[in-house]
Amino acid sequence: TFDNGVLTISVLDDDPENKFMGFGMIPDFEVEGEEEDMVISSPRWSFKDDIESIVIEEGIVSIGEYAFPQCFYVESLTLPINILRIGRSAFYACTSLTELTIPTVTLKDDYDEYYVLDIESYAFAGCIGIELITCYQPTPPEYAGNSFAGMNVANITVYVPEEYLEDYEESDWSEFDLKAIPDL
């Protein structure tokens, strides 16, 4: 739904095409043209400049390729618990986005290990406004080296749970300014 600049994406129970492990997913979209003349097959493309906030509701575990690129005026993004995939260029050049919160994951695989979020190529590339990321994932999310392209990641503060800080420091996330989530 879209109301007053807020786009809310919910699970559509009647759409079996957009299901993954019984959960909802935002599908991949096609791209035509180059950056300046780019057209995305997403139904949101026609009103992307009117979107100020994106809320992806619980039950969605995958955000497809090119789901929300060049939504220049998006200032806030709400991701659901158990998000497992953020597709290629999903939020490319959302330049007004300043903070990102990555919720925890509670889903486990057959080996009783938590699933790990996969942030694909260019997912947040060009989101030059991001200054703060708070990540509640117990395992550092996997991301392609260019997931945050065009950004000085050393200047982005990433808060993680204190008990997982060492794991993040020993991962690709060590390029960021890592800190333990402060006690409230």
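I will try to describe carefully the structure that is included in this document. (Residues numbered from 1 in each chain as written. Predicted model: local features only at pLDDT ≥ 70, side-chain atom pairs only at ≥ 80, totals over all residues. Heavy atoms only, no water.)

1. Details of the overall build of the chain
Moving on, step 1. Assigned secondary structure in the chain consists of one helix and 16 strands.
Moving on, step 2. Against the 2.2 N^0.38 benchmark of 16 Å for 184 residues, the chain shows a C-alpha radius of gyration of 16 Å, consistent with a compact globule.
Moving on, step 3. In terms of overall dimensions, the chain has C-alpha extents of about 45 × 35 × 30 Å along its principal axes.
Moving on, step 4. Split into buried and exposed, the 184 residues of the chain put 45% on the buried side.
Moving on, step 5. Pairs at least 24 residues apart make up 58% of the contacts formed inside the chain by residues separated by at least 6 positions.
Moving on, step 6. Total accessible area computed for the chain in this model is approximately 9600 Å², and 45% of it derives from carbon and sulfur atoms. (Helix = DSSP H or I, 4+ residues; strand = E, 2+ residues; numbered from the N terminus. Rg over C-alpha atoms; globule rule 2.2 N^0.38 Å. Buried < 20%, exposed > 50% of the residue type's maximum accessible area, 1.4 Å probe, protein only. Contact = heavy atoms within 4.5 Å. Areas by Shrake-Rupley, 256 points an atom, 1.4 Å probe, with all protein chains shown as cover.)

2. Considering the sheet that holds strand β11 (residues 99-102)
Moving on, step 1. Spatially, four strands are ordered β11-β13-β15-β16 in an open sheet, and the strand pairing comes out parallel. On the outer flanks of this sheet lie β11 and β16 (177-180), each paired with one strand and no other. Pairs of neighbouring strands in the sheet enclose a mean axial angle of 20 degrees, with direction left out of account. (Pairing = 2+ DSSP bridges. Axes fitted to C-alpha atoms, helices over the stretch in contact; angles between N-to-C directions.)

3. Structural notes on the packing of aromatic side chains
Moving on, step 1. The final tally for this structure, using the stated rule, is 10 aromatic pairs.
Moving on, step 2. Here Tyr-143 and Trp-173 contribute two aromatic rings whose centre-to-centre distance is 5.0 Å and whose plane-to-plane angle is 70 degrees, an arrangement assigned as edge-to-face. Of this pair, Tyr-143 sits in strand β14 (residues 142-143) while Trp-173 is found in the loop between α1 (165-169) and β16, placing the two residues 30 residues apart along the sequence.
Moving on, step 3. Residue classification places Trp-173 among the buried positions, given a relative accessible area of 1%.
Moving on, step 4. Aromatic ring contacts, followed pair by pair, group Phe-68, Phe-91, Phe-124, Tyr-143, Phe-148, Tyr-168, Trp-173 and Phe-176 into a single cluster. (Phe/Tyr/Trp six-rings, centres within 6.5 Å; stacked < 30°, edge-to-face > 60°.)

Read these as spatial facts, not as claims about activity.
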